[in-house]
Amino acid sequence: MKKNMSATTKRRRLFCICIAFEHVLPILLCLLMVMKHTVSEMVSMKIVEEPSSYGLNSYNFASHTTDDKKLKMRIQPSNFSGPAHLKRLYGKCFSKEMNEYRYELCPFFNVTQHEQSYRWNPFSGVLGVWQEWEIENNTFTAMEMREGEKCGDIHRTVKVIFVCGDKHDIVNVTEPSTCNYHMRFISPYVCHRDSMLVYPTLSEELQGAWDELEGELYREELTQKGYKKQLRKIFEKAGYYIPQEEKKLLSEQAVKREEEEKKEENGQFDTLLKCTEEYRKLKKEIEGLRTLLAVKESKDATDVLSGNSTSESTQTKKSKRKSKVGKFLKSISKTKTSY
């Protein structure tokens, strides 16, 4: 009896499900058709993450990117020096973003800083140019990058400190004092305990000079101060240090060059030779413009002869344009002649 009731109950439930499915199916098909039509009319949207900042929509951030702005160095980098295996870093650059700035290190060349900001005039400049090594206890410890962008009465400098690591990467940048930076750079090239020793990199002559110096210090023929002074001269001969007189001269030359560039921008020339050079450059530009104008006139004449008719208004515009270009060229010639 119980088995019969159970079978009957199952049949009733199946019958109810079939009835319900018969009513629900049309509704489901209708919904699917509506969804298909809606999806076909959907337009792909691009979501732009835009920080909340006053006047941001009218600001052209791309105009201040480093790709559009060529950074200028005050002085030229020194030649490569130091452990030979580090030459593999020469010609390569490594960048890292930290605290709204992007730092770029090009070993044996320079260090630059680029502000990742939406303000109207973000900073982008050279922090330092490769100059010499910092040496402590017969070991190369850091690269000295100097003569960067001006910062008040001084110029920015960077000390690039080498640390052992499993890859080449900038791991930290600090500013111990105003516009004087310390950058920690990890590299597998400096992991061997002898990889940054100074003595093995020297020529036999300089190694002999150092040996003799050590002997004089041991025999107390030299003071510590005298020893350091003589050792510095050895490093200068090796190209690891720049003599103080040369540093001063490089700085003076950079200042003089900047003053000359500023005068040129303002149209001032110190010598007749410089004025003559600028006159010749401008004369060459004028000749180029005249050639372009002659080519344009020749093309217009060819078009007229080939039957391409032009309206009177178009011809009037061309004659006016020609007159304006002629006046412009004459005014430039008179201006340069006045020099």
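The structure contained in this document is the topic of the report that follows. Model, not experiment: these values are computed from the prediction. (Residues numbered from 1 in each chain as written. Predicted model: local features only at pLDDT ≥ 70, side-chain atom pairs only at ≥ 80, totals over all residues. Heavy atoms only, no water.)

1. Here we look at the nonpolar core
W133, V160, M183 and F235 are the most contacted members of the largest nonpolar core, which has 37 residues in total. Core analysis: the second largest hydrophobic core is formed by 5 residues, M73, I75, V126 and A254 among them. (Core = buried A, V, L, I, M, F, W, Y, C linked by side-chain atoms within 4.5 Å. Buried < 20%, exposed > 50% of the residue type's maximum accessible area, 1.4 Å probe, protein only.)

2. Some details on the state of the cysteines
Under the definition given, this model contains 3 disulfides. In the protein chain, numbering the disulfide-bonded cysteines from first to last in sequence yields the connectivity 1-2, 3-5, 4-6. (Disulfide = S-S within 2.5 Å.)

3. What about the environment of H192?
Examined against the element boundaries, H192 turns out to sit in the loop between strand 10 (180–187) and helix 2 (204–218). In sequence terms H192 and C164 are 28 residues apart; their C-alpha atoms lie 8.4 Å from each other. Engagement of the side chain of H192 in a polar contact is seen with the backbone nitrogen of D194, the distance being 3.0 Å. (Helix = DSSP H or I, 4+ residues; strand = E, 2+ residues; numbered from the N terminus. Polar contact = N/O pair within 3.5 Å; in protein donor to acceptor, adjacent residues only side chain to side chain.)

4. Remarks on helix 2
Given a rise of 1.5 Å per residue, 15 residues ought to cover 21 Å, and the 21 Å separating the end C-alpha atoms of helix 2 matches this to within 8%. Along helix 2, the residues classified as buried are L206, Q207, W210, L213 and G215. If you follow the buried residues of helix 2, they end up packed against helix 3 (224–238). Immediately downstream of helix 2, the backbone of E220 shows phi near 60°, a positive value. (Expected span 1.5 Å × (residues − 1). Contact = heavy atoms within 4.5 Å.)

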